[in-house]
Each structure stands twice: as C-alpha cells, then as structure tokens.
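Spelled out from the first residue to the last, the chains are:
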Amino acid sequence: MSILTVEGLDKTFGGLKALSGVSFSVKKGEILGVIGPNGSGKTTLINCITGFVRPDEGKVLFKGGDITRWRPHKIARIGVARTFQVMRPFYSLPAYKNLIIPLWSPRARKEGGWRGGGKHGDRDTVAIDILEEIGFERDSRVPYKLASTLPTGYLKRLELARCLALRPEVIFCDEVFSGLSASEVASMLPLIEKLKMGGITLVLIEHRLRELFKVADRVMALQFGEKIAEGHYKDVIGDARVKEAYLGIEEI
Amino acid sequence: MEILLFGIINSVTLSLTALGFTLVYSISRLPNFAHGALYVTSGYIVWLCVNTLGLNYLLGIVVGIVATAIIGALMYRLIILRIRGMQISEIIATYAIGLAIIEGLRWGGLRGSTFTLPSFLAGSIEIGGIAVDHQRLFVLGSGVVVFAALGLFVKFTKTGLALKAIAQDERAAMMLGIDSDRKALVSFALGSGLSAFAAVLILPLGSIVVETGYNVLIYSIAVSIIGGLGSWGGAIVASFLIGFAQILTEVFLSTQYQMVISLLAIIVTLLLKPSGIFGKQKELDDRV
Amino acid sequence: MSDGRDRKERIDRGIKVRSDGLYAVSSLREMLYLSGPRILLIAGLLLLPLLLDPFPYWRRVINILCVYALLAIAFDFLANCVGLVCLGGSMFIGLGGYFAAVFNVHLHLPVYLSIPAAALAGAVVSTLLILPCLSLRGVYFAIVTLMYPLLFTRVIEAFDLLGGSNGITGLDSFPGSYLENYSILLILLAVLFGLRRVLNADIGLVMHAVKDNDQSVRASGIDVVRIKALAVFIASFIGCLGGAYLAHVYMWAGLSLFALDFSIIPIAAVTIGGGGVLFGAVVGCLILVPLSEFLRFFGTFRIVLYCTVLTAFIVFKSEGLMPYCTRKYQQLERWADA
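Keep in mind the model is a prediction, meaning the values are calculated, not measured. (Residues numbered from 1 in each chain as written. Chains lettered and ligands numbered in written order. Predicted model: local features only at pLDDT ≥ 70, side-chain atom pairs only at ≥ 80, totals over all residues.)

Scanning chain C from terminus to terminus reveals 13 helices and 4 strands. For 338 residues, the compact-globule estimate of 2.2 N^0.38 gives 20 Å, and the C-alpha radius of gyration of chain C, at 22 Å, lies within 12% of that figure. Seen through its principal axes, chain C has C-alpha atoms that stretch 80 × 55 × 40 Å. Residue burial in chain C is summarised as follows: out of 338 residues, 48% are buried. (Helix = DSSP H or I, 4+ residues; strand = E, 2+ residues; numbered from the N terminus. Rg over C-alpha atoms; globule rule 2.2 N^0.38 Å. Buried ≥ 20, exposed ≤ 12 C-beta atoms within 10 Å, placed from the backbone.)

Here's what the structure looks like:
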C-alpha cells in the first residue's frame with residue numbers, strides 16, 4: 001500500500017540537472033533508504049517532495065492526493081515531515097522549548113490532542129513526553145538543558161523530535177547518522193525501529209551504508225540525479241552501476 | 001513617432017540611473033541605499049570643480065566620476081566591510097549613509113535651482129520633424145555604449161567573470177581563490193562610478209537638486225522590483241516599461257502622473273509576480 | 001600564581017541570583033530590586049507632565065516623544081523580534097494621520113473614536129500594501145517600506161489629493177492639555193506592556209523562530225507569511241495610532257506627516273537604546289527627541305547627525321544603552337586569573 005508516490009521528478013538549477021525523471025513509491029510503514037554519492041541529488045529530492053524547491057516537471061502524490069508544488073508548511077501539515085541536514089536549533093532555549101514551535105502548528109494541536117494557547121503546563125508536558133520517547137532521559141534533566149550544551153547525538157534526536165511533534169505519517173530524514181560516532185549511531189537504530197513500529201513511514205537519506213542496511217526494508221540508489229537501482233539492499237549493492245558509482249565499495 | 005523617440009530616450013535615461021544600484025546588488029547582494037546620494041554628490045562635485053575651482057568641464061567630469069568611485073570604495077571599506085553578513089545592519093547602514101549625504105548636502109547649501117551643469121553639445125537636430133536636443137541623443141548613445149561595454153566586460157575580462165562568479169555563488173567563488181571582499185570593493189567603486197557617470201550625463205538636462213537623490217533612489221528601486229532584483233535584463237526591460245509608460249501618460253494625461261506610474265507599476269508587480277519580471281523564484285527562499 | 005594574562009569575567013550580582021526565583025517575594029529588598037526599574041519607569045513617565053507644568057513647550061515635546069517612542073517600539077518589534085527591517089516608519093504616521101483627518105473632519109467622528117478607527121484603517125491598509133513582499137526575501141521588505149512614504153508624498157502633492165500641499169485642516173484637538181499628555185502616555189505604557197506579553201507568549205517564540213530559522217518553522221507546519229503579516233499588522237497599528245494622535249495634536253494632517261524624521265529617528269533610537277528589549281527604544285527616544293528639539297536651529301543637519309551616530313553605533317557593534325545598563329545592574333565584572 002503506497003503512501004507516497006513520486007513520478008518523473010525533474011529539477012534543473014542553472015546549468016545543472018539535479019534530478020532527472022526520478023520515480024519511486026514508498027509503502028506505508030516501511031523504511032526506505034536512499035543512497036548515492038555526493039551530488040546525486042538526494043537533498044534536492046527531499047526539497048522537491050517537501051515543497052522547499054519547486055520541481056520543473058513531475059508529480060508527488062501523498063495518499064493519492066497531488067501535493068506537487070505545495071508550500072512547505074502545507075505539506076508538513078498533512079503529515080509529511082522532514083529533518084534538515086544542517087541543524088540550527090534554538091541554542092539559547094532549553095531543549096523542550098525548541099519543540100514549542102512545531103507544537104504550536106495547527107496539525108500538532110489537532111493530532112496531538114493538545115489545545116494550543118492553553119496552559120503552559122500542557123504544552124510543556126507534551127514536549128517533555130516527546131523528548132522522552134526520543135531518548136532524552138527525563139531523570140537526568142536532559143530535556144531542560146540548553147540546546148547549546150547538547151552533543152550532536154542529542155541534537156539529531158531533537159531534530160527528529162521536531163518532526164514527531166507534528167504526529168507525522170512520513171518522515172524524510174536527511175543524513176541523521178552523519179556526524180555521529182559508531183556507538184551513537186548504534187543507539188539511534190533502536191529509535192528508528194521504534195518509530196517504524198509506531199506506524200511511521202521513514203525515508204532515510206544516508207551515507208552510512210552499514211548502519212542503514214540494518215534497518216532499511218528497501219533501498220534506492222541515485223546518481224547524477226537519476227535512479228539507478230532499487231530493491232533489497234543486497235541487490236542494490238550488487239548492481240554494477242551502483243558499484244561503479246561508489247568506486248571502491250567494500251563487500252558488506 | 002515622437003512618443004517612440006522620447007520613449008526610448010526616457011527609458012535609456014532611466015536605465016542609466018538605475019545602473020549603479022543594479023550592479024552593486026547583483027554582485028554583492030547589497031541594496032545600496034546610498035545610490036541616490038552618490039548620484040547627486042557627483043553632480044555637485046563636478047559643479048564645484050567647474051564653478052569654484054574653475055577647472056575645465058571635461059576635467060571636472062573626470063574628477064567627479066573618480067571622486068564618487070572613491071567615496072563608494074571608502075564607504076565599503078570603512079563601514080560596510082565591518083558589518084558584512086548582518087543583513088539588517090547592512091541595510092540600515094547604507095540607508096543612514098545615503099540620508100546623511102543627501103541631507104548634509106542640503107544643509108551645506110545645495111538649495112534652490114541655481115546649480116546647473118551645462119550641456120555638452122548645445123543645439124538640437126531634427127529627427128522626423130521633431131526637435132531633439134543633442135544632449136538627449138548623447139545620453140541615448142552613451143547608454144547603449146555603456147551597456148554593451150559592461151556586457152562585454154563581464155563576459156570576457158577576468159575581473160568581470162570573477163564578479164559574475166561571486167554573484168552566482170559566493171562561497172564557491174571564494175574556494176576558487178576569488179577574493180570576495182576585494183571584488184565587492186571593486187563592485188562598489190564601479191557602481192558608484194557608474195552612478196556618477198549617469199549623473200554627469202543626465203544632470204545637464206535639468207538642475208542639480210537634492211530631491212533628485214530621493215527620486216533616483218525611487219526609480220532604481222522601482223526598476224529593480226519590477227525587473228527583478230539583481231537582474232540586468234530585468235532592469236533594462238523594466239526601464240523601458242516605465243519609460244514608455246511615463247511618456248505615454250505625459251502625452252495623453254499630464255506630467256503629474258509620472259510618479260504615480262512608478263507606484264502603480266510596483267504595486268501591480270508585487271501583486272502579480274512579486275519577484276519581478278526576471279526574478280528567479282529560487283532566490284526567494286534562500287538557504288535550505 | 002597567575003600566568004600573566006588576566007581576563008574579565010562577569011558574574012551575576014548576589015541580589016540578582018537571590019531574586020531569581022520564587023523566594024524573591026520573601027524579601028522586600030529583592031522585590032525592590034526586581035520591580036524598582038519598572039516602577040521608576042511608570043512613575044517617572046506619569047509624573048513628567050506634572051513636573052513640566054510651567055513649560056508648556058516641553059509638555060508638547062512629551063507628546064511628540066511618545067509618538068516617536070511608539071514608532072521606535074514598532075521598529076524594534078519588527079526588526080529584532082521578527083527580522084523585518086522597516087525603513088519607512090513615516091508611512092504609518094502619514095496613514096494614521098490622514099485617516100484620522102478624514103474620519104474626524106469629513107465623517108465627523110469624535111476624537112476618541114477617530115484615533116482608534118484611524119489606527120485600524122491604517123493598519124489594514126499598511127498590511128495589505130506590504131503583504132505581497134512578505135513571501136520574498138527580507139531585502140524586499142526594506143526596499144518597499146523605504147519607498148512607500150516617498151511615493152505617497154509625491155502622489156499626494158501631484159494630484160492635490162486630500163488637501164495636497166496644504167493638507168487637511170480643522171481636526172478637533174483634545175479637550176484639555178492634560179488629557180493630551182496622559183492619553184498618549186497611557187497608550188505608550190499599554191503598548192509596552194501589551195507587546196511584552198505577546199512576545200513572552202507562544203506566538204512571540206514563533207516570531208523569534210521566524211527571524212532565526214524560517215525554514216525550520218515552515219517545516220514545522222507554520223505559515224510564515226501569516227505570522228509576518230500578523231507582526232506587520234501589530235506594528236502598523238501601533239504606528240498609525242501615533243500618527244492619528246499626532247494629527248489631532250497639530251489639528252492638521254499634511255505632507256509633513258511623511259517626514260524623514262519619523263523614519264530615521266526610530267531606527268536611531270533603537271540602535272542607540274538597544275534592540276530586542278522594547279524599553280531600549282523608549283530610552284533612545286528619551287535621548288534623541290529632546291536633542292532634536294535643541295537641534296531644530298540647525299536645520300537638516302540634525303538628520304546628518306542622527307545618521308552618523310547611528311552608523312557609528314552599528315559599525316562598532318555597540319549593544320545599545322539598555323542592554324549595557326541592564327548588564328551593569330544584574331552583573332558585576334571583575335578581573336580573574338586566566
């Protein structure tokens with residue numbers, strides 16, 4: 001059951017063709033990995049799907065409805081969330097206050113059952129609950145720490161928490177594993193599984209292949225803006241074109 | 001016929017006045033609100049050279065252009081360089097400087113309409129039965145030459161290409177070894193010089209009034225909004241649109257409507273296509 | 001045993017730490033420390049007209065000062081809390097003033113109705129005029145707000161609209177000069193505290209987020225354009241309120257309402273007094289407006305002066321007076337061994 005379908009996405013920036021006829025489907029509840037060397041158009045793909053960049057051609061369908069060229073906030077409101085590769089949380093605020101903004105949005109208020117604008121207590125509780133879900137230990141007061149004091153691992157989780165506050169159906173994760181040590185990534189994996197078990201569909205754009213392959217149900221490979229392979233990860237990395245794209249790939 | 005002729009002349013005149021502004025913005029992404037001030041200042045400097053220092057007119061013009069370019073460069077070096085990157089501060093600073101210059105000139109004596117610059121070529125010729133003075137034709141010709149020259153400069157010289165590179169992607173340009181600050185300095189100086197150039201060409205058609213500083217700024221802004229901020233093609237097209245519209249209203253309605261045309265054009269643009277004619281949608285939401 | 005390089009460190013004063021929590025209510029001294037400045041502000045402002053009773057000229061100046069303060073607060077709000085630089089504050093004064101004139105003279109609304117009505121009308125028109133550029137880059141906002149007042153003057157003059165160069169005369173004045181003083185003072189205080197409440201609420205946080213990282217806000221499902229429009233509406237309401245009031249004080253609405261002073265003094269006031277803390281804007285005005293009165297003699301030189309000082313403050317990245325004073329009040333500096 002496909003929850004998100006992309007058909008023939010094209011995008012050109014000046015002289016550079018960033019996306020060329022990309023088409024794929026994401027099944028509800030699955031984890032789809034998207035891999036490809038730098039410059040293959042992965043981030044542009046997310047941007048086009050989530051409304052931050054207008055594709056030149058092509059369609060994006062969410063649950064059957066056409067959301068191509070919708071504005072970013074509208075797309076977020078119907079349940080398609082995304083993380084940013086370059087995170088800029090509000091450093092001067094405590095971690096849980098960073099979630100006020102998404103919690104304030106109409107969708108969070110509707111889906112989360114939280115009547116926004118009401119007592120601060122309600123909102124703060126919801127924020128802390130979300131952070132707990134995501135792995136911020138309540139006991140050691142982590143949610144109350146200033147975002148500027150948090151290490152990268154926690155910041156990545158905070159970014160995911162931002163998405164979760166919207167109670168999304170699909171989350172596009174732009175390189176959530178980047179910048180983390182091996183052990184930090186190892187502790188992120190159960191979180192990803194947990195999100196999947198909660199019914200959220202995930203699309204993970206990643207460079208860290210070893211870890212990605214542990215959680216992804218299917219994998220798609222891009223190169224120079226084109227889709228060059230799709231399927232189970234073993235098939236994808238066995239594909240000749242993929243091997244050529246990632247010159248020197250080790251046998252995993 | 002008359003409309004066509006004066007329309008073209010007016011349009012080119014407009015595009016010349018907007019030239020400096022467009023150049024600086026397209027390269028350093030900085031709206032130079034002191035543009036109008038520099039325009040008037042250059043005219044004043046030339047006047048001073050000619051009337052107070054008794055210099056030869058041509059020499060005075062050269063001094064005026066060079067002096068204005070230097071002022072622009074100094075402005076960049078001393079003030080703007082220090083606040084580069086903080087958009088709010090940049091905007092306020094150029095605005096404040098521009099105002100300070102214009103009002104400073106007004107206070108310093110630039111009042112009334114006694115300050116004039118003589119035309120280069122007196123007399124007029126007849127084209128198709130209409131009298132056109134030589135100065136206007138000279139402006140027309142110079143405008144075309146300047147734009148052509150700039151086009152070539154940007155396409156073919158090293159500095160020109162460097163400037164274009166910075167305009168497209170500052171970081172990438174820096175990685176290639178192009179000193180962005182240095183080139184921004186050059187663009188500021190160049191832009192100021194061009195404002196001066198436009199001024200010395202056009203001011204002889206009227207008198208040097210401080211209000212011109214504001215009017216030039218309004219026109220430059222109008223042209224930029226309608227044509228798309230930083231877009232050369234857009235600036236030229238917009239100048240022609242406004243230029244012709246102005247002539248048409250002058251002929252069929254009355255002179256009062258000229259400013260209104262600019263206002264209406266801006267509002268219409270903002271309503272229909274806010275990024276302007278050649279504005280790129282991509283530029284609206286910058287970093288992702 | 002210092003290694004020669006001393007550095008300054010800042011630590012909160014004892015009394016600030018002690019008054020930083022619930023326990024503050026237990027000690028009179030700490031309560032005074034906290035509420036002292038605010039009480040001083042309110043009392044000071046309210047007493048001002050009484051103190052200046054023998055100087056009617058300066059009482060007039062208070063009125064003008066409050067109008068400028070309103071504009072400065074609006075500018076501070078837009079620039080430092082939402083990220084929009086408004087270069088044409090005079091647009092609000094002009095719109096508010098002319099609307100008040102029309103409502104009062106042509107529609108015969110009494111003073112206490114024409115002012116709020118004019119503020120509302122002015123705010124609606126301002127927001128509509130600025131709306132198209134809110135989805136574009138911040139630069140457009142600056143450009144457009146710069147341009148509107150300049151254009152309005154020229155259009156009014158060219159078409160001889162709304163009284164042309166002569167303006168609209170015959171507005172009612174206030175029934176009593178103390179009413180004149182206190183109505184604007186109360187409005188100013190109401191705006192100060194009201195806006196503070198807004199900024200401390202969720203919406204204030206969202207606005208700040210829009211300034212810092214609007215992409216993230218968009219991705220969180222919030223329509224950034226709507227938030228900006230709301231901010232513009234609030235700011236223009238405040239500005240037009242001042243303009244409407246001013247028209248009634250002068251009993252005249254004319255082109256001078258679009259004067260450059262109204263655009264530049266708020267900016268200078270906020271830069272000098274400190275941005276982000278609304279009160280800094282008021283402090284800046286307290287300095288600049290009386291100064292402006294003294295400098296009237298020098299003609300437009302005063303604008304040159306403001307601009308130069310403004311630029312100097314910007315270039316030297318001065319934090320402004322209010323933050324400086326606040327810091328001194330709350331923290332002390334001392335040399336520490338590195």
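From this point, things continue past the structure.
Residues and elements named next belong to chain C. Core analysis: the biggest nonpolar cluster contains 272 residues, and Y68, A69, L70 and I73 have the highest contact counts within it. Per-element accounting of this core gives the leading share, 18 residues, to helix α3 (residues 56–82). Apart from the residues lying within four places of it in its own chain, the contact partners of I73 are V191, L192, L195, I238, L278 and A281. (Core = buried A, V, L, I, M, F, W, Y, C linked by C-beta atoms within 7 Å. Contact = placed C-beta atoms within 7 Å.)

This paragraph deals with the domain arrangement of chain C. All names here are of chain C. Along its sequence, chain C is carved into domain 1 (12–51) and domain 2 (58–269). Every contact between the two is made by 5 residues of domain 1 and, on the other side, 7 residues of domain 2. Classifying every residue of the side of domain 1 that touches domain 2 gives 5 nonpolar, no polar and no charged. (Domains from an automatic or database assignment. Nonpolar A, V, L, I, M, F, W, Y, C, P; charged D, E, K, R; others polar.)

Time to look at the packing of helix α2 (residues 28–51) of chain C against helix α7 (residues 177–200) of chain C. Residue and element names in this part refer to chain C. Orientation of α2 relative to α7, taken along the N-to-C sense of each, is 165°, at an axis distance of 9 Å. The pairing of α2 with α7 is recorded here as roughly antiparallel in orientation. Crossing of α2 over α7 shows right-handed handedness. Across the interface between the two elements, I42, L45, L46 and P49 from α2 touch Y178, N181, Y182, L185 and L189 from α7. Class assignment of the residues belonging to the contact of α2 with α7 gives a composition of 8 nonpolar, 1 polar and no charged. (Axes fitted to C-alpha atoms, helices over the stretch in contact; angles between N-to-C directions. Parallel < 35°, antiparallel > 145°, perpendicular 65-115°, else oblique. Left-handed = near helix turned anticlockwise from the far one by under 90°.)

Before going further, it helps to spend a moment on the sheet that holds strand β4 (residues 57–62) of chain A. Residue and element names in this part refer to chain A. Reading across from one edge, β2-β1-β4-β5 is the order of the 4 strands in this open sheet, with antiparallel pairing throughout. On the outer flanks of this sheet lie β2 (16–27) and β5 (65–66), each paired with one strand and no other. Here 8 bridges tie strand β1 (residues 2–13) to β2, and the two strands are oriented antiparallel to one another. When the bridges of β2 are listed, T12 appears paired with K17. Taken strand by strand, helix α1 (residues 42–49) contacts β1, β2 and β4, and its axis lies near 65° from that of β2. (Pairing = 2+ DSSP bridges.)

A separate point is the interface of chain B and chain C. Across the contact, 37 residues belong to chain B and 35 residues belong to chain C. Elements with a contribution of two residues or more to the side of chain B that touches chain C: α4 (87–108), α9 (211–227) and α11 (257–272) of chain B. A total of 15 residues in the side of chain B that touches chain C trace back to one element, the largest contributor, which is α4 of chain B.

Our focus in this paragraph is the sheet that holds strand β6 (residues 80–82) of chain A. Residues and elements named next belong to chain A. Pairing in this open sheet of 6 strands is mixed, and the strands run β6-β7-β8-β3-β9-β10 from one edge to the other. The sheet is open, and its two borders are formed by β6 and β10 (226–231), each paired with just one other strand. On average, each strand axis in the sheet is inclined to that of its neighbour by 20°, with strand direction left out of account.

In an α-helix, one turn spans 3.6 residues, which is why side chains three or four residues apart end up on the same side. Residue and element names in this part refer to chain C. With 27 residues, helix α9 (residues 224–250) should reach 39 Å at 1.5 Å per residue; the first-to-last C-alpha distance of 39 Å fits that figure. Counted residue by residue, α9 has 19 buried out of 27 residues, so it is predominantly covered. M251 sits one or two residues past α9 and shows a positive phi near 60°. (Expected span 1.5 Å × (residues − 1).)

Okay, the packing of helix α1 (residues 2–28) of chain B against helix α10 (residues 232–252) of chain B next. All names here are of chain B. At a minimum axis distance of 7 Å, the contact between α1 and α10 shows a crossing angle of 145°. Where α1 crosses over α10, the handedness of that crossing is right-handed. Residues I3, F6, G7, N10, S11, L14, S15, A18, T22 and S26 of α1 pack against W232, A235, I236, S239, F240, I242, G243, F244, Q246, I247, L248 and V251 of α10. Classifying every residue of the contact of α1 with α10 gives 13 nonpolar, 9 polar and no charged.

With that settled, consider the confidence of the model for chain B. Chain-level pLDDT for chain B is 78 on average; 83% of the residues reach the 70-or-more range. Low pLDDT (under 50) marks residues 281–288 of chain B, which in the prediction has 13 contacts with non-local residues, meaning those over four places away or in another chain. (pLDDT = per-residue confidence, 0-100.)

Residue and element names in this part refer to chain A. Positive phi outside glycine occurs at R167, with the angle close to 50°. With respect to the helices and strands, the residue R167 is situated in the loop between α6 (152–164) and β7 (170–174). Among the residues examined, R167 registers 18 C-beta atoms within 10 Å and is labelled partly exposed. With a phi close to 55°, E175 is a non-glycine residue in the positive phi region. Relative to the helices and strands, E175 is located in the loop between β7 and α7 (182–197).

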